[in-house]
Structures are given as structure tokens and as C-alpha cells.
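For reference, the chains in residue letters:
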Amino acid sequence: MKIGLIGIDTMEDAKKFENIHAALHKNLYGIFSPKSNEILPISKNFKLELFHSVNDLVEKVDSVYFAKSLKQNLDFAIQALKGSCHLFIEDISMLTMDEIKLLYKLAFEAHTKIQLKVTKSFSPEFLEVRDFIQEPKLIEITRKTSLGFRIDEYFNELMNYLYIASQHINSGVKKLTTLALPLMAAHYSLVYIRADFDNGAVLQIKFDHLADEDEESINFYQKEQIVQVDLLKQFANKQKFDRGHIVRTEYTIKEKKAYHTEMLNFIKSIQSIDIQNISESPSILRIIQNVQSIQEKLKSNSFVTEI
């Protein structure tokens, strides 16, 4: 698998590049940047071909990895799709829905795959218990951090959480409710989001920015069972009511890097791609639309949106 890289433009991106290289390793074939002279040391140090045009890159690779925000590299992504390349995209938060739909339309026409970065879905603690999660009626996600997020920074967090929920709640969202308590200009002390699904399931997400201790946990409540995942402490357990007793099972998490697992999944999915399921755009576009709706609710500081 030959993967090209776009989005690393200066030596200030060197650390980010090293993380990408560690995950893709031998699959990373070449790199392109409009500022090619500035990233020449990176290409030399890691023995990567440095391309001077996107067309040259697209002709040589099977896939293109877009680092950072895609907004400034949208035209390059369109060129890559027209050249029948698969795409891995880190950040689409700055794109409009029309721009996103165009990308998926081109991908469908070219029989290529677009995969968005949703690394939390590949965390080892979540994968350890994923098969036990069946028809949850309530998914409760808690994120505690003293870091303040700007509104735009919620996009990728919400994208990850709604993607996880969509894997287990096979239903559309009928209502979104948001509550935001302001802390200062463009920041909140608390953000609460509730998504009510057509099948009666509920997703609750809470961002607490005044916490003393960081936390990132997901609880799946289902019939006679609770599955709990702690994404920070890398811990998972299952509590089940069985024959009048509560049985608790704890799971030892294998030492794996979620991002590396995500990259391996991307590569394998391309190698075994099926034209009939090549585009997951209907489901992924609904997730993106819901995330954008939540962002708009936060911006307007109103409370309930019917979908």
C-alpha cells in the first residue's frame, strides 16, 4: 500500500509527522506540500519522495493522508479523488456540508473510500468490550477537563462520540438538546448534549471544564447489563444481573495504540474493499449533520432543535 501525505508544511509539524510515520511506517511513500523547500529535511531524513505537484503524487500512490484541517487542502483532496485515490482525513470541521457531500459524491463515483479520523473508536479498552454492547438504551459519555474548548474544537470530540453511538444505536436522531453554561467569551464551564433517537435510545454527553481531575468515560446501559469504558485509565468492565446477583467482569487491556490500530484498519479496509459498501456516506453524513447542528446550537445559545 502506497500512501501519500499532504498537510505537513513546515518543520514545526515535524513531531506530528513523526507520529504519522510511526503509524504508517513502510506504507508512507511520499509527501507533498506547496512549501516543498521547507519540508525537504523531513523527506531526506525519512527517505520519502518529495513531490512538487499533487498530480505527480496521485499518479504514484493508492491513498492520500490529509493531516490537520482539510479546509486549505480541499482542492487537493478533490484532485486525489478524481485520481481514484482513497482518502484518510484528520479534520473536516471547517468544511461546509456542501463541500463534504461533494467529497463523498466523488468518492462514490471513483469507487474509492473516505475514512475520517475517529481514533476513540479504536481505543483498546473500547474494542475489548465492543462485542458485549447490544442495543443500549442509554449511552452516557462524560468528559472532564480543565482545558477550555472553543466551539470549533468540540467538532472532532463530538464526531468521535456520535460515531461510537452510531455503531450501537441503529436509528436516526429525532431531537437534539443542548445546554451550555458560559465561562468567558467563546468558552463554557459546562456543555450538556442529549440526542433522542427514533427507537427510544438516548445519548448523553457532558463536558465539564471545571473539573479537578480529568476523566473520559463511556457507560452503555442495556437490558440487565452495564458496560463501562474508561478511555483515560484504559479500563473496561461489564456488570450483569444474573440469577439474582450482580456479576462484575473486569478486562485487562492490551497495550496497543489506538491511532496505530486505526491506521491498520484503514489499510486493511482498502485492501479488502467491496464496491457495494464502498461509501458509508449516508450514515457518516447524518453524523456530521448532527455534529454541525450541535455546534450551531452552541453558537446561538438556544436549547432545543427538532430534526
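Scoring rules and cut-offs
Once a new chain begins, its residue numbering starts again from 1 and follows that chain's sequence as written. Given that the model is predicted, a residue must reach a pLDDT of at least 70 before its local features are reported, and side-chain atom pairs must reach 80 or more before they are shown or counted; all residues, however, enter totals for whole chains, interfaces and linings. No hydrogens and no water enter the side-chain calculation; it runs on all heavy atoms of the structure. The secondary structure listing takes helices from DSSP runs of H or I that are at least 4 residues long and strands from runs of E that are at least 2 residues long, numbered from the N terminus. Only C-alpha atoms enter the radius of gyration, while the globule expectation follows 2.2 Å times N to the 0.38, with N the number of residues. Here the term buried applies to any residue with accessible area under 20% of the maximum for its type, exposed to any over 50%, and partly exposed to those in between, with areas from a 1.4 Å probe on protein chains only. By this definition, two strands are paired if DSSP reports at least two bridges between them. Axis lines are fitted through C-alpha atoms, for helices just across the contact stretch, and the angle between N-to-C directions can take any value from 0 to 180 degrees. By definition, residues are in contact when any of their heavy atoms lie within 4.5 Å. By this rule, a helix spans an expected 1.5 Å times one less than how many residues it contains. Oblique is the label for any angle not covered by the other classes, which are roughly parallel (under 35 degrees), roughly antiparallel (over 145) and roughly perpendicular (65 to 115). With the far helix as reference, a near helix turned anticlockwise by less than a right angle produces a left-handed crossing, and one turned clockwise produces a right-handed crossing. Nonpolar residues are Ala, Val, Leu, Ile, Met, Phe, Trp, Tyr, Cys and Pro. Charged residues are Asp, Glu, Lys and Arg, and all others, Gly as well, are polar. Within this document, salt bridges are pairs made up of a side-chain nitrogen of Lys or Arg and a carboxyl oxygen of Asp or Glu, the two lying within 4 Å of each other. Scored from 0 to 100, pLDDT records how confident the predictor is in each individual residue.

So, about the overall build of the protein chain. Secondary structure summary: the protein chain contains nine helices and 15 strands in total. The C-alpha atoms of the protein chain give a radius of gyration of 21 Å, which matches the 19 Å a tight globule of 307 residues would have. Projecting the C-alpha coordinates of the protein chain onto the three principal axes gives extents of approximately 65 × 45 × 40 Å. Sorting the 307 residues of the protein chain into buried and exposed places 51% on the buried side.

Take the sheet that holds strand 5 (residues 86-91) next. Taken together, six strands build an open sheet; the order of strands is 3-2-1-4-5-6 and the sheet is parallel. The strands lining the two open edges of the sheet, one partner per strand, are strand 3 (49-51) and strand 6 (114-116). Across the sheet, the mean angle from the axis of one strand to that of its neighbour is 25 degrees, orientation sign disregarded. Relative to strand 5, strand 4 (residues 63-69) is paired through five bridges, and the arrangement is parallel. What sits directly across from Tyr-65, in strand 5, is Phe-88. Here helix 1 (residues 14-24) sits on the sheet and contacts strand 1 (3-6), strand 2 (28-32), strand 4 and strand 5; the angle it forms with strand 4, its principal contact strand, is near 150 degrees. Sitting on the sheet, helix 8 (residues 258-271) is in contact with strand 1, strand 4, strand 5 and strand 6, with an inclination near 155 degrees to strand 5.

Look at helix 5 (residues 97-110): 20 Å from first C-alpha to last across 14 residues, which is about the 20 Å you get at 1.5 Å a residue. Turning to helix 5, its buried residues are Met-97, Ile-100, Leu-103, Tyr-104, Leu-106 and Ala-107. Remark: His-111 follows helix 5 within two positions and exhibits a positive phi of approximately 55 degrees.

One way to put it is that helix 1 packs onto helix 8 with a least axis distance of 9 Å and a crossing angle of 55 degrees. When the axes of helix 1 and helix 8 are compared, the pair comes out oblique. The two elements helix 1 and helix 8 meet at a crossing, and its hand is right-handed. Each of Asn-19, Ile-20, Ala-22, Ala-23 and Leu-24 in helix 1 lies in contact with helix 8, whose residues at this interface are Tyr-259, His-260, Met-263 and Ile-267. Its residues placed into classes, the contact of helix 1 with helix 8 shows seven nonpolar, two polar and no charged.

Time to look at the pattern of salt bridges. Opposite charge on two side chains makes pairing possible when the charged atoms of those side chains draw close. Under the criterion given, the structure shown has 13 salt bridges. One salt bridge connects Lys-144 with Glu-215, and the closest N-O pair in it is separated by 3.7 Å. Separated by 71 residues along the polypeptide, Lys-144 in strand 7 (residues 138-144) and Glu-215 in strand 11 (residues 215-222) bring together distant segments of the chain. For the salt bridge of Glu-296 with Lys-299, the shortest nitrogen-to-oxygen distance reads 3.8 Å. Taken together, the residues span about one helical turn, with Glu-296 and Lys-299 both in helix 9 (residues 281-300) at a distance of three residues. Residue classification places Glu-296 among the partly exposed residues on the basis of a relative accessible area of 48%. A relative accessible area of 45% means that Lys-299 is categorised as partly exposed. Put simply, Lys-120, Arg-143, Glu-157 and Glu-216 are held in one network by salt bridges that share partners.

Below, the discussion takes up the confidence of the model for the protein chain. Put simply, the protein chain has an average pLDDT of 91, and 94% of its residues get 70 or more. Contacts from residues 302-307, a stretch scored under 50 in pLDDT, to residues over four places away or in other chains number 20 contacts.

Our next topic: the pairing of strand 12 (residues 225-230). Sheet topology note: the strand 11/strand 12 ladder contains six bridges and is antiparallel. Bridging from a neighbouring strand, Ser-217 pairs with Asp-230 of strand 12. Hairpin connection between strand 11 and strand 12: a loop of two residues separates the two successive antiparallel strands, and Glu-224 in this loop has a positive phi of roughly 60 degrees. Pairing geometry for strand 12 and strand 13 (residues 235-242), over six bridges, is antiparallel. Within strand 13, the position partnered with Val-229 by the bridge is Ala-236. Adjacent in sequence and paired antiparallel, strand 12 and strand 13 are bridged by four residues, among which Gln-234 carries a positive phi angle near 50 degrees.

Let's shift gears to unusual backbone geometry. As a rule of thumb, non-glycine residues mostly have phi less than zero, and peptide bonds are mostly trans rather than cis. In the Ramachandran plot, Lys-68 falls in the positive-phi region, its phi being about 60 degrees despite a non-glycine side chain. Among the secondary structure elements, Lys-68 is positioned in strand 4. For Lys-68, a relative accessible area of 28% translates into the label partly exposed. With phi around 55 degrees, His-111 is a residue other than glycine that occupies positive phi space. By the secondary structure assignment, His-111 is in the loop between helix 5 and strand 6. Classification of His-111 as partly exposed rests on a relative accessible area of 42%.

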